[in-house]
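# Summary of the model geometry
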Amino acid sequence: MWFSIVCEDVPDSLARRQSVRAEHLKRLESLKDSGRLLIAGPNPAVEANDPGDAGFTGSLIIAEFDSLADARAWAEADPYVDAGVYAEVSIKPFKKVLP
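This is a predicted model, so every value here is computed, not measured.

Check the secondary structure of the protein chain and you find 3 helices and 4 strands. Secondary structure of the protein chain in N-to-C order comes out as β-α-β-β-α-α-β. Taking 99 residues into account, the globule formula puts the C-alpha radius of gyration at 13 Å, and the protein chain, at 13 Å, falls close to it. Projected onto its principal axes, the C-alpha coordinates of the protein chain cover approximately 35 × 30 × 25 Å. For the protein chain, the residues scored as buried account for 31% of the 99 residues in total. Of all intrachain contacts in the protein chain linking residues separated by at least 6 positions in sequence, the fraction that spans at least 24 positions is 74%.

So this is what it looks like as structure tokens:
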């Protein structure tokens, strides 16, 4: 089943994000390579693809897992969690309708 993983950043998270971004992306690439990633990306703090020093306010990941427990375990092991980037992570089942 698909699950949405909605993450909210702590204030001023940019330096923390940058310090572990490569490891975070590596995990997402692994999901993609196994055909289990629908979409993933950050929420810029301002209306720009490159928000510069404004940074980001969170992230959205929609990926396939066998269970909510598996999705939660995957999310809890994210380098952004270990680095203190996220203040909160919400995981819910997701039903893809369109496109």
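Counted according to the given criterion, the structure contains 3 salt bridges. When the shortest N-O distance is used, the salt bridge between Asp9 and Arg17 registers 2.7 Å. In terms of burial, Asp9 and Arg17 fall into one category: buried. With a shortest N-O distance of 3.4 Å, Asp78 and Arg27 are connected by a salt bridge.

Along the chain, Asp9 turns up in strand β1 (residues 2–9). Those residues in contact with Asp9 that sit more than four places away from it in its chain are Arg17, Phe56, Thr57, Gly58, Val85, Tyr86 and Ala87.

To continue, consider the nonpolar core. Counting 16 residues, the largest nonpolar core has Ile5, Ile61, Phe65, Trp74 and Ile91 as its most contacted members. For this core, the secondary-structure elements that each account for two or more residues are β1, α1 (14–33), β3 (56–64), α2 (68–76) and β4 (86–94).

For the rest of this paragraph, the subject is the environment of Leu28. Its place among the elements puts Leu28 in helix α1. Separated by 13 residues in the primary sequence, Leu28 and Gly41 place their C-alpha atoms 9.9 Å from one another. Ignoring anything within four residues of it in the chain, the contact list for Leu28 reads Leu37, Ala40, Ile61 and Trp74.

Attention now moves to α2. Looking at α2, one finds that the buried residues are Ala71, Trp74 and Ala75. The arc that holds the buried residues of α2, viewed along the axis, is 95°, so those residues lie on one side. Exposed side of α2, more than 90 degrees from the buried face: Ala69 and Glu76 are the residues found there. Elements in contact with the buried residues of α2: β1, α1, β3, α3 (79–82) and β4.

Rules of the game
Residues numbered from 1 in each chain as written. Predicted model: local features only at pLDDT ≥ 70, side-chain atom pairs only at ≥ 80, totals over all residues. Heavy atoms only, no water. Helix = DSSP H or I, 4+ residues; strand = E, 2+ residues; numbered from the N terminus. Rg over C-alpha atoms; globule rule 2.2 N^0.38 Å. Buried < 20%, exposed > 50% of the residue type's maximum accessible area, 1.4 Å probe, protein only. Contact = heavy atoms within 4.5 Å. Salt bridge = Lys/Arg side-chain N within 4 Å of Asp/Glu carboxyl O. Core = buried A, V, L, I, M, F, W, Y, C linked by side-chain atoms within 4.5 Å. Arc of directions from axis to C-beta.

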